[in-house]
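Residue-level structural notes
Here is what each chain is made of, one letter per residue.
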Amino acid sequence: MDIKTFAFAPSSPPLSVIAAAKLAGISPTIDTALSPDSPPSFIFSDGLKLHGPYALLRYIGRVASLPNFYGQNPFESSQIDEWLDYAPILSLGPAFENACKYIDEYLEKRTFLVGYSLSIADLAIWAGLAGSGKRWESLRKSKKYPNLARWFNSIVEEHGTALNEVTSVYAGKKGLGEPTATKSKEQSVNTDKVKKVNGDVSENNKGGSKPSAEIDLPDAEVGKVRLRFAPEPSGYLHIGHSKAALLNKYFAERYQGQVIVRFDDTNPAKESNEFVDNLIKDIDTLGIKYEQITYTSDYFPELMEMAEKLIREGKTYVDDTPREQMQKERMDGIESKCRNNIVEENLKLWKEMIAGTERGLQCCVRGKLDMQDPNKSLRDPVYYRCNPMPHHRIGSKYKVYPTYDFACPYVDAIEGITHALRSSEYHDRNAQYYRIQEDMGLRKVLIYEFSRLNMVYTLLSKRKLLWFVQNGKVDGWDDARFPTVQGIVRRGLKIEALIQFIVEQGASKNLNLMEWDKLWTINKKIIDPVCPRHTAVIADRRVLLTLTDGPEKPFVRIIPRHKKYEAAGDKVTTYTKRIWLDHADAVSLSAGEEVTLMDWGNAIVKEIEKDQDGNITGLSGALHLEGSVKTTKLKLTWLPEIDELVCLTLVEFDYLITKKKLEEEDFIDVLNPCTKKETLAYGDSNMRNLQRGDVLQLERKGYFRCDLPFIRPSQPIVLYAIPDGRQQTSLK
């Protein structure tokens with residue numbers, strides 16, 4: 001018996017039921033034609049019906065394949081029923097804050113409302129908060145109810161794709177109920193069929209009622225928006241480009257429009273097919289679904305025709321003024337001596353440029369706009385220049401190439417772009433963009449501005465990043481110290497965290513210098529609940545602890561790789577009479593002290609052996625497994641003395657420059673002399689199974705990403721340290 005139709009009033013959609021259906025993979029036809037006083041209903045394939053939000057929620061809880069979705073035993077199911085009875089209080093205005101206080105206190109030492117996994121109780125309370133809109137958003141940001149905010153954020157982080165779709169579609173600006181875009185009555189809850197606003201963002205919708213980045217495009221019509229992301233193939237995609245790419249994705253999905261990728265390949269001196277291939281790879285990594293890929297070079301013939309047309313119309317001229325002199329004249333508002341050349345002279349020099357002759361190489365084509373305009377971008381900008389270098393796509397066919405300022409307005413109009421997104425640093429060029437389209441006789445494309453993303457201690461200029469690559473300061477464009485998408489992913493950043501970080505900023509026009517710590521904090525919240533736990537001991541000066549009553553013959557136990565996340569699997573732990581400790585832990589011990597050996601139990605340190613210089617050379621102790629782990633000050637990680645341990649190289653990174661924000665100084669003057677530190681260690685034998693890209697936590701040492709997996713015993717596994725959001729310390 002399948003659910004055929006899910007019906008509810010458009011003014012009061014049951015968010016908890018919609019979310020539960022998504023998570024359970026249930027996708028009936030949606031009917032939003034019920035009257036406001038009608039309860040939500042399931043209509044089954046045999047004609048039977050169920051009514052009421054919590055009856056529907058309980059039904060999904062019983063039939064879903066999700067673990068313990070309606071509790072793992074009768075007691076937990078009854079606890080869930082209690083929370084379903086309590087949830088409606090969140091919709092009562094005066095009682096809302098009292099309810100938040102009660103739930104906050106209840107969650108002080110709990111991850112979920114019931115048991116150890118998500119249940120329909122969590123969804124009922126989540127829906128009550130999310131449905132309250134700005135009221136909960138304000139409380140969450142105030143940190144008044146920290147446990148409740150932690151729980152809410154954790155739920156959205158783990159199940160962000162489904163939950164954010166629910167709120168973006170059914171909790172629009174007009175209040176709950178009316179979808180943010182026109183929907184047909186027959187609409188599937190299936191995530192593939194509902195237009196996503198935030199893609200795979202984990203915690204974008206903290207406020208509940210709408211995504212924090214919800215913004216409007218001027219004059220945008222649903223189904224008619226066409227956008228473009230236009231990177232220059234002169235480097236890899238970096239975090240700054242990601243903001244533009246993801247905002248294009250955001251608007252295309254919100255307005256059910258299209259986004260195309262266009263390579264702005266107008267400068268053969270900087271561009272290559274390597275960059276094209278890797279930009280496509282990075283765009284795919286970001287999850288951007290594009291309609292097609294185009295190249296500005298596809299339009300070179302038409303652009304040359306347009307340039308000649310404008311020459312004939314007297315709207316452009318050919319100028320042979322030396323570059324430095326031209327720059328000074330533009331700054332001072334002085335007209336070029338070539339500005340009033342006759343059309344025939346301009347056409348003659350244009351042909352010299354096309355042929356790439358010695359005379360032609362001295363010239364450029366400039367727009368005849370306004371040399372006295374206060375906006376210097378309108379002071380006769382360059383439209384075409386000579387460049388004898390071969391183009392990475394079309395070889396040596398051309399000797400002249402359009403500037404971006406000339407090509408972009410033309411191609412935007414020709415390709416049917418409705419809105420061109422660009423960062424506010426180019427604000428002064430907007431007037432130039434519109435003037436060029438006007439002179440070309442093309443339709444106007446609306447420009448939408450957003451602020452450029454700047455990060456502390458970070459260079460985002462492709463020219464400067466290229467310097468690091470060419471001078472061997474990094475291993476390549478995907479180096480983990482680089483702000484490229486490939487670099488930060490290699491270091492251990494989850495794309496979900498990057499998307500959330502970008503979309504939370506929205507299309508703000510405020511110029512902000514963002515901290516990396518915020519991004520890594522988001523990342524930690526995503527990886528911590530699911531990444532497996534392993535153990536490592538630093539090789540340098542490691543110390544053996546001999547347990548006098550330890551097992552004479554080693555034995556093994558199978559224990560979870562993550563105590564709260566079953567899907568992480570199991571690991572084998574070997575227990576021996578002699579175990580390795582970190583030197584830093586060994587020096588902190590005192591004779592007679594009771595400590596906890598993690599995943600084993602308590603032990604008492606009996607003797608501390610030292611050499612003549614006072615260095616610890618060994619420890620002896622005895623197990624005290626009946627001891628309480630709550631009473632010990634030190635909880636120690638350890639490894640058995642066995643041959644199966646694996647060699648590790650733990651790699652830490654620091655910023656490439658030492659100054660938070662560059663001003664006038666040369667970046668070479670603030671280079672960080674120490675940006676990479678490698679530490680040899682030993683890891684538990686289970687780490688032989690790690691694959692490149694796997695994220696794990698080394699107990700008491702932090703989070704790591706496997707960059708080089710186990711190949712042979714003589715070659716160590718290479719693990720890259722992942723920042724956890726705390727302030728980064730120097731490697732010196």
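Residues numbered from 1 in each chain as written. Predicted model: local features only at pLDDT ≥ 70, side-chain atom pairs only at ≥ 80, totals over all residues. Heavy atoms only, no water.

Our focus in this paragraph is the domain arrangement of the protein chain. Domain assignment breaks the protein chain into domain 1 (3-170), domain 2 (226-296 + 453-526), domain 3 (543-581 + 583-636) and domain 4 (646-722). Using only C-alpha atoms to locate each centre, domain 1 and domain 3 end up separated by 44 Å. (Domains from an automatic or database assignment.)

Right, let's get into the pattern of salt bridges. Tallied over the entire structure, the rule returns 39 salt bridges. Ionic pairing is found between Glu221 and Lys224, a salt bridge with its closest N-O pair at 3.4 Å. A residue is classified by how much of its surface remains accessible, and Glu221, at 45% relative accessible area, is partly exposed. Between Lys577 and Glu552 there is a salt bridge, with the nearest N and O atoms lying 3.0 Å from each other. Taken as a pair, Lys577 in the loop between strand E23 (570-575) and strand E24 (578-581) and Glu552 in the loop between strand E21 (543-547) and strand E22 (555-560) lie far apart in primary sequence, 25 residues in all. With a relative accessible area of 68%, Glu552 lands in the exposed category. (Salt bridge = Lys/Arg side-chain N within 4 Å of Asp/Glu carboxyl O. Buried < 20%, exposed > 50% of the residue type's maximum accessible area, 1.4 Å probe, protein only. Helix = DSSP H or I, 4+ residues; strand = E, 2+ residues; numbered from the N terminus.)

This paragraph deals with the packing of helix H18 (residues 495-505) against helix H19 (residues 516-527). Direction vectors running N to C along H18 and H19 enclose 130 degrees, while the axes themselves pass 9 Å from each other. It follows that H18 is oblique to H19 by the angle criterion. In the packing of H18 onto H19, the handedness of the crossing is right-handed. Contact residues: H18 offers Glu496, Ala497, Leu498, Gln500, Phe501 and Glu504, while H19 offers Lys518, Leu519, Ile522, Asn523 and Ile526. When grouped by side-chain class, the residues that make up the contact of H18 with H19 number six nonpolar, two polar and three charged. (Axes fitted to C-alpha atoms, helices over the stretch in contact; angles between N-to-C directions. Parallel < 35°, antiparallel > 145°, perpendicular 65-115°, else oblique. Left-handed = near helix turned anticlockwise from the far one by under 90°. Contact = heavy atoms within 4.5 Å. Nonpolar A, V, L, I, M, F, W, Y, C, P; charged D, E, K, R; others polar.)

By definition, the strands of a sheet pair up through backbone hydrogen bonds, in either a parallel or an antiparallel sense. The antiparallel open sheet is built from four strands, whose spatial order is E11-E12-E13-E14. Each edge of the open sheet carries a strand with a single partner, namely strand E11 (316-319) and strand E14 (400-402). Within this sheet the neighbouring strands show an average axis-to-axis angle of 20 degrees, counted without direction. Relative to strand E13 (residues 382-386), strand E12 (residues 364-367) runs antiparallel, the two sharing three bridges. Bridge pairing in E13 places Cys364 opposite Arg385. Along the sheet, helix H11 (residues 300-312) contacts E11, E13 and E14; its crossing angle with E13, the most-contacted strand, is approximately 115 degrees. (Pairing = 2+ DSSP bridges.)

Looking now at the pairing of E13. Two faces belong to every sheet, and in a regular strand the side chains alternate between them. Inspection of the sheet shows E13 paired to E14 by three bridges, in the antiparallel sense. Bridge pairing in E14 places Arg385 opposite Tyr401.

Within the chain, Asp380 stands out as a residue other than glycine whose phi angle is a positive 45 degrees. Of note, Asp380 is situated in the loop between E12 and E13. Using a relative accessible area of 0% as the deciding quantity, one classes Asp380 as buried. In this model, Asp599 sits at a positive phi of 65 degrees, which is unusual for a non-glycine residue. Along the chain, Asp599 falls in the loop between strand E25 (594-597) and strand E26 (601-610).

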